[in-house]
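Structural features, examined
What follows is each chain in one-letter form.
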Amino acid sequence: MNSTSCRPRQPARTVWTLQRLVHKRAIALGHALDASTKLSYSSALNSYLNFIHIHAFPMESTANTLSLYATFMCHQIEPRSVDSYLSGICSELEAFYPAVRAARSSPLVSRTLKGFKRLRSKPVVRKRALASLGSAFDDSLFSTLLLTGFYVLLRLGELVWPDNNALQSYRKLTMRATVKVSTSTYEFLLPAHKADADPTSLAAAGVPPATIQALSRWSSDAWLVYIRKHPTLLSAMICDGRSLHDGAAT
């Protein structure tokens, strides 16, 4: 008996030109980052380009150039912020200089930042706890925003309409028609958002690690790196007798 392989039939599709493929890809890449993140990354890139210009350094980003940039900026701003600047610079330059992330991860850059964090970082100043708010409408609205943002793991900026026109997006706007209120709960639809979970608070509250990972939208590798860098989170889970993989799908 002769047997033939059954191949699924593919619908006929029009062949695209290379120009159209590149154009459509460029549109997708332009929307890969949230507008607020893109704005921050662009600011970081402008800072780096200005550094390159005034010091007459070559454009290609090497470990040495990034280390010198970190040295310069750590004398201008808080070194912890320079770490964030470098992430934005890598994101903006990677399409043109694929080796930029390898340069950013080099021991030279990492140790430069680590040294300046010890030399020039200032202690984190935390705000005092909010006092009880009044009964006015604005006070009640402000309190509702804070509590919703904290317990639903949302950024407060996504619960208000930005003043910056470039950051205004109806994709992040909750419509009144989607709000449902009961005697003990309320719910609403937020079409799009950037999750901003507090892993330590969730771990202390007994939330399984796999759930924390999903809420924060981390890959497995990123999750394990985060755990190693945050001993407080690891301690909270160990004290509760939980494994890093509790609740994970098998």
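Sequence order sets the numbering: in each chain, residues are counted from 1 along the sequence as written. Reporting in this predicted model follows two pLDDT cut-offs: at least 70 for local features of residues, and 80 or more for side-chain atom pairs to be given and counted; totals over whole chains, interfaces and linings ignore these cut-offs and use all residues. Note that the side-chain values use all heavy atoms of the structure and ignore hydrogens as well as water.

1. Observations regarding the layout of surface pockets
Buriedness of a pocket was judged along seven lines, with at least five required to meet protein on both sides within 12 Å; pockets are open sets of points on a 1 Å grid over the protein atoms alone, cavities are sets where a 1.4 Å probe fits but cannot get out, and lining residues have an atom within 4 Å of a point. Grid points are joined across faces, edges and corners, and a volume is the space filled by probe spheres set on the points. In this structure, the largest pocket occupies an estimated 820 Å³ of space. Along the walls of the largest pocket sit 27 residues, with Leu 145, Glu 158, Leu 159, Val 160 and Thr 174 positioned nearest its centre. Throughout this entry, Asp, Glu, Lys and Arg are counted as charged residues, while Ala, Val, Leu, Ile, Met, Phe, Trp, Tyr, Cys and Pro are counted as nonpolar. The remaining residues, Gly among them, count as polar. Among the residues making up the lining of the largest pocket, the classes are represented as 14 nonpolar, six polar and seven charged.

2. Let's talk about a nonpolar patch on the surface
Patch membership requires more than 30% relative accessible area and the absence of a salt bridge. Residues of like charge join within 9 Å; the nonpolar side chains Val, Leu, Ile, Met, Phe, Trp and Tyr join within 5 Å. Surface exposure here means Shrake-Rupley accessible area, sampled with a 1.4 Å probe, where a residue is shielded only by the protein chains that are shown. Salt bridge, as applied in this entry: a Lys or Arg side-chain nitrogen positioned within 4 Å of an Asp or Glu carboxyl oxygen. Taken together, the side chains of Trp 16, Leu 18, Leu 21 and Val 22 make up a nonpolar region of the molecular surface, amounting to roughly 390 Å² of accessible area. Counting through the fold element by element, Trp 16 comes out in the segment before helix H1 (18–30). Counting from the N terminus, the helices are DSSP H or I runs at least four residues long and the strands are E runs at least two residues long.

3. A look at the confidence of the model for the protein
For the protein, per-residue confidence averages 80 on the pLDDT scale, and 74% of positions sit at 70 or higher. Note: pLDDT gives the predictor's confidence per residue, expressed from 0 to 100. Two residues form a contact once any of their heavy atoms are found within 4.5 Å. This model gives residues 246–250 a pLDDT under 50, and the stretch forms seven contacts once residues within four places in sequence are excluded.

4. A look at unusual backbone geometry
Apart from glycine, the bulk of residues carry a negative phi angle, and the bulk of peptide bonds sit in the trans form. At Ala 56, a residue that is not glycine, the phi angle is positive and equals roughly 55 degrees. Among the secondary structure elements, Ala 56 is positioned in the loop between helix H2 (35–55) and helix H3 (63–74). Burial here depends on accessible area, computed with a 1.4 Å probe over protein chains only, as a share of the maximum for the residue type. Under 20% is buried, over 50% is exposed, and the range in between is partly exposed. We classify Ala 56 as exposed; its relative accessible area is 66%.

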